[in-house]
Amino acid sequence: DGIRCNAICPGTVESPSLESRMRAQGDYETARAAFISRQPMGRLGTPEEIADLAVYLAGATYTSGQSYAIDGGWTI
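What comes next concerns the included structure. (Residues numbered from 1 in each chain as written. Predicted model: local features only at pLDDT ≥ 70, side-chain atom pairs only at ≥ 80, totals over all residues. Heavy atoms only, no water.)

1. Focus: the nonpolar core
The line we're drawing: Put simply, a nonpolar core is a bunch of buried Ala, Val, Leu, Ile, Met, Phe, Trp, Tyr and Cys residues held in one set by side-chain atoms that sit within 4.5 Å of each other. Burial status follows relative accessibility: with a 1.4 Å probe on protein chains alone, a residue under 20% of its type maximum counts as buried, one over 50% as exposed, and anything between as partly exposed. Numbering of helices and strands runs from the N terminus; a helix is a DSSP stretch of H or I covering at least four residues, while a strand is a stretch of E covering at least two. The contact rule is simple, with two residues in contact once any of their heavy atoms fall within 4.5 Å.
By size, the foremost hydrophobic cluster in this structure holds six residues: Leu18, Met22, Tyr28, Ala31, Phe35 and Leu44. Mapped by element, the contributors of at least two residues to this core are helix H1 (16-24) and helix H2 (28-37). Excluding residues that lie within four positions of it along the chain, Phe35 makes contacts with Thr12, Leu18, Met22 and Leu44.

Printed below as a string of structure tokens:
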């Protein structure tokens, strides 16, 4: 039927939701440092990086049924 389905599986990405969770910890800087320290790449992902994958998949017309982990190395 010409339907493609792919999944984007992001890791920890800088977002308003993440900012709220870090601020809710009470000590924002310590919470942020803890989140970053758990990342294999040593930093948080950005929304633009996730968008880059979405743009790629939009044009990858022969790709279907795949899950794409974009998590800075967590799943390796």
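Having seen the model, we can carry on.
2. Side note on the layout of surface pockets
The line we're drawing: Throughout, the protein atoms alone are placed on a 1 Å grid, and a set of points is a cavity if a 1.4 Å probe fits but cannot get out or a pocket if it is open with protein on both sides within 12 Å along at least five of seven lines; lining residues have an atom within 4 Å of a point. Grid points are joined across faces, edges and corners, and a volume is the space filled by probe spheres set on the points. Residues are grouped as follows: Ala, Val, Leu, Ile, Met, Phe, Trp, Tyr, Cys and Pro are nonpolar; Asp, Glu, Lys and Arg are charged; every other residue, Gly included, is polar.
A volume near 150 Å³ is recorded for the largest pocket. Taken together, 14 residues make up the lining of the largest pocket; nearest its centre are Gly45, Glu49, Ile70, Asp71 and Gly72. Taken together, the residues of the lining of the largest pocket sort by class into five nonpolar, six polar and three charged.

3. Here's the deal with the side chain of Asp71
Convention followed: The charge count treats Lys and Arg as positive and Asp and Glu as negative. His and the chain ends do not count. Think of a salt bridge as a Lys or Arg side-chain nitrogen and an Asp or Glu carboxyl oxygen that are within 4 Å of each other. Two N or O atoms count as a polar contact when they lie within 3.5 Å, although within protein this holds only if one can serve as hydrogen donor and the other as acceptor, and sequence-adjacent residues are included solely when both atoms are side-chain atoms.
As for its position among the elements, Asp71 is in the segment after strand S2 (67-70). No salt bridge is formed by the buried Asp71. Its closest oppositely charged neighbour is Arg43, at 11 Å. Within polar-contact distance, the side chain of Asp71 engages the backbone nitrogen of Thr75 at 3.2 Å. If we skip the residues at most four places from it in the chain, Asp71 touches Gly11 and Gln39.

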